[in-house]
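# Observations on chain architecture
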Amino acid sequence: LWDEALQRHGADGLAEDTRAALHEARLTGAGHYLLNRHRLGEVRNILQGAGIPHVVFKGADTRERYHRQPALRPATDTDVLVAPGDKTRAIQAFTAQGYALHATRENISHEASLIKGNTHIDLHWDILRPGRTATPMVETLLAMREDFGSHWGLAHPANLFVLLVHPVFAKYSTTPQAALVRVVDLAHALAHEAAPWQQVTDLLDAAGLNTAAWITLAWLQQLGCALPAAVPVAALQPGSLRRRYLAQWLRRDLASRLLQRPALVQAGFTLPAHDTWAG
């Protein structure tokens with residue numbers, strides 16, 4: 001991304017070795033992109049062949065749909081979402097093609113990895129840990145999927161829903177793991193096309209995660225991104241007390257400061273990110 005920006009706007013004053021390193025990184029990224037683009041077709045063929053509805057989501061999907069030059073947006077793995085009832089068949093479909101299953105006790109409730117050589121598939125059967133959403137959301141999201149040619153992905157409102165809530169619980173919004181490129185993804189997605197916000201808010205209402213969406217939008221604004229006028233920020237925001245409290249977490253980057261004490265972050269940040277204490 002930096003190399004492309006410097007190419008457009010000039011690199012006066014930048015050391016030549018730094019400029020060369022950025023360009024080399026861009027070329028390396030383009031090579032990885034070509035491999036990952038091929039991987040999208042492989043995922044599609046394996047799961048469609050097994051008759052399993054699925055979508056590719058997060059980085060490998062958003063760069064194809066929202067970035068003018070997809071190769072500029074790195075994505076190290078491919079995230080795939082299937083219905084909970086299809087997870088065993090999906091794992092069997094991949095292992096039959098030579099993939100090895102890798103699962104950890106921390107994440108087996110909602111995801112596992114399938115690896116073959118340098119190909120890494122993260123298979124999800126929930127977008128977040130079970131219990132984070134007020135009602136199960138996967139079946140609803142899969143019902144809104146669209147065929148983008150290279151892969152199946154979530155319809156624009158469903159994808160915005162995921163982009164708004166996933167970073168809050170999976171990355172604690174402001175931590176280094178959240179990665180600024182995810183903010184770029186969301187900014188591009190918001191500007192890409194006029195979203196049917198009623199569909200987005202219906203999904204947020206069903207999940208009980210309007211507050212989480214507001215957190216992500218507030219973080220985007222704090223970083224200097226102007227939101228489209230149609231984004232219903234005021235309708236998503238929590239009450240004044242909780243709004244001021246959560247704003248302090250963002251302004252002071254408390255999640256990063258307390259990253260080695262995840263229980264405190266979960267109790268102090270992600271729990272209040274739900275619309276109600278019940279979840």
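Throughout what follows, the structure given in this document is the object of discussion. This structure is a prediction, so every number in the text was calculated from the model and none was measured.

### Quick notes on the overall build of the protein chain
Broken down by element type, the protein chain carries 13 helices and seven strands. Radius of gyration (C-alpha) of the protein chain: 19 Å, near the 19 Å computed for a compact globule of 279 residues. For the protein chain, the proportion of contacts with a sequence separation of at least 24, taken over those separated by at least 6, is 67%. Accessible surface for the protein chain amounts to roughly 13500 Å². Of this, 55% is attributable to carbon and sulfur atoms. Within the protein chain, the 25 negative side-chain charges are centred at a point lying 6 Å from the centre of the 27 positive side-chain charges.

### Structural notes on the packing of aromatic side chains
Tallying each qualifying case throughout the model produces three aromatic pairs. Both rings, one in F94 and one in Y99, keep their centres 5.3 Å apart while their planes meet at 75°; by these two values the pair is edge-to-face. Summarising the burial analysis for this pair, F94 and Y99 share the class buried. Note on Y245 and W249: the rings are 6.5 Å apart at their centroids and 65° apart in plane angle, and the pair reads as edge-to-face. Here the residue Y245 and the residue W249 both occupy positions in helix α11 (residues 240-251), the gap between them amounting to four residues, near one helical turn. Sitting over the ring of W152, R145 keeps its end group 3.8 Å from the ring centre.

### Quick look at the sheet that holds strand β1 (residues 54-57)
Taking strand neighbours across the sheet as the criterion, the five strands line up as β1-β2-β5-β4-β3 in an open arrangement whose pairing is mixed. Looking at strand neighbours, the two that pair on one side only are β1 and β3 (100-102), the edges of this open sheet. For this sheet, the mean inter-axis angle between neighbouring strands, taken without regard to orientation, is 30°. Sheet topology places strand β4 (residues 111-116) next to strand β5 (residues 119-124); six bridges connect them, and they run antiparallel. Bridging across to β5, I115 finds its partner in H120.

### A few points about helix α4 (residues 87-95)
Three or four residues apart is the spacing at which side chains of an α-helix point the same way, because the helix has 3.6 residues per turn. Here α4 has its buried residues at A90, I91, A93 and F94. All buried residues of α4 lie within an arc of 160° about the axis, which places them on one face of the element.

### With respect to the pattern of salt bridges
Overall, the coordinates contain 11 salt bridges when judged by the stated rule. A salt bridge links R37 to E64, with the nearest nitrogen and oxygen atoms 3.3 Å apart. Residue R37 is found in helix α2 (residues 16-49), and its partner E64 is found in helix α3 (residues 59-66); the two are separated by 27 residues along the sequence. Close ionic contact of D79 with K58 constitutes a salt bridge, the shortest N to O distance being 3.5 Å. On the criterion of sequence distance, the pair formed by D79 in strand β2 (residues 78-82) and K58 in the loop between β1 and α3 is long-range, its members being 21 residues apart. Bridged by salt links that share partners, the residues D3, R19 and R26 form one connected network.

### A word on the environment of L264
Tracing the backbone shows L264 in helix α13 (residues 262-270). With relative accessibility at 38%, the residue L264 sits in the partly exposed group. The residues touching L264, leaving out its near neighbours within four places in the chain, are W249, L258 and F269.

### So, the nonpolar core
In terms of nonpolar packing, the biggest core is built from 53 residues, with L141, F161 and L190 touching the most fellow members. Here the element with the most residues in this core is helix α6 (residues 156-170); it accounts for nine residues. Beyond its immediate stretch of four places on either side in the chain, F161 contacts I127, M137, L141, L203, L204 and A207. Counting 19 residues, the second largest nonpolar core, distinct from the first, contains I46, V56, V80 and L123.

The rules behind these values
Residue positions are given per chain, counting from 1 as you read along its sequence in written order. Restriction of local features to residues with pLDDT of at least 70 applies here, the model being predicted, together with a cutoff of 80 or more for giving and counting side-chain atom pairs; totals for whole chains, interfaces and linings are based on all residues. To get the side-chain values, take all heavy atoms of the structure and skip hydrogens and water. Under the scheme used here, helices are H or I runs from DSSP no shorter than 4 residues and strands are E runs no shorter than 2 residues, and both carry numbers assigned from the N terminus. For this measure, only C-alpha atoms enter the radius of gyration; the expected value for a globule follows 2.2 Å times N^0.38, where N is the number of residues. Contacts were defined at the residue level, with two residues in contact if any of their heavy atoms lie within 4.5 Å. What sets the accessible areas is the Shrake-Rupley method with a 1.4 Å probe; for residues, cover comes only from the shown protein chains. Note on charges: Lys and Arg go in the positive column, Asp and Glu in the negative column, and His and the chain ends are not counted at all. Each charge is placed at NZ for Lys, CZ for Arg, CG for Asp and CD for Glu. The criterion for an aromatic pair is that two Phe, Tyr or Trp rings (for Trp, the six-membered ring) have centres within 6.5 Å, with stacked assigned to planes under 30 degrees apart, edge-to-face to planes over 60 apart and tilted to the rest. Burial classification: accessible surface area is computed with a 1.4 Å probe over protein chains only, and a residue below 20% of its type maximum counts as buried, one above 50% as exposed, and the rest as partly exposed. By definition, being over a ring means that NZ of Lys or CZ of Arg is both within 6 Å of the ring centre and within 35 degrees of the ring normal. We call two strands paired when DSSP finds no fewer than two bridges between them. The axes used here are C-alpha line fits, helices contributing only the stretch in contact, and every angle between their N-to-C directions lies in the interval 0 to 180 degrees. The arc in question is formed by the directions pointing from the helix axis toward the C-beta atoms. The working definition used for a salt bridge is a side-chain nitrogen of Lys or Arg within 4 Å of a carboxyl oxygen of Asp or Glu. Nonpolar core, defined: a set of buried Ala, Val, Leu, Ile, Met, Phe, Trp, Tyr and Cys residues in which side-chain atoms within 4.5 Å join the residues together.

Read these as spatial facts, not as claims about activity.
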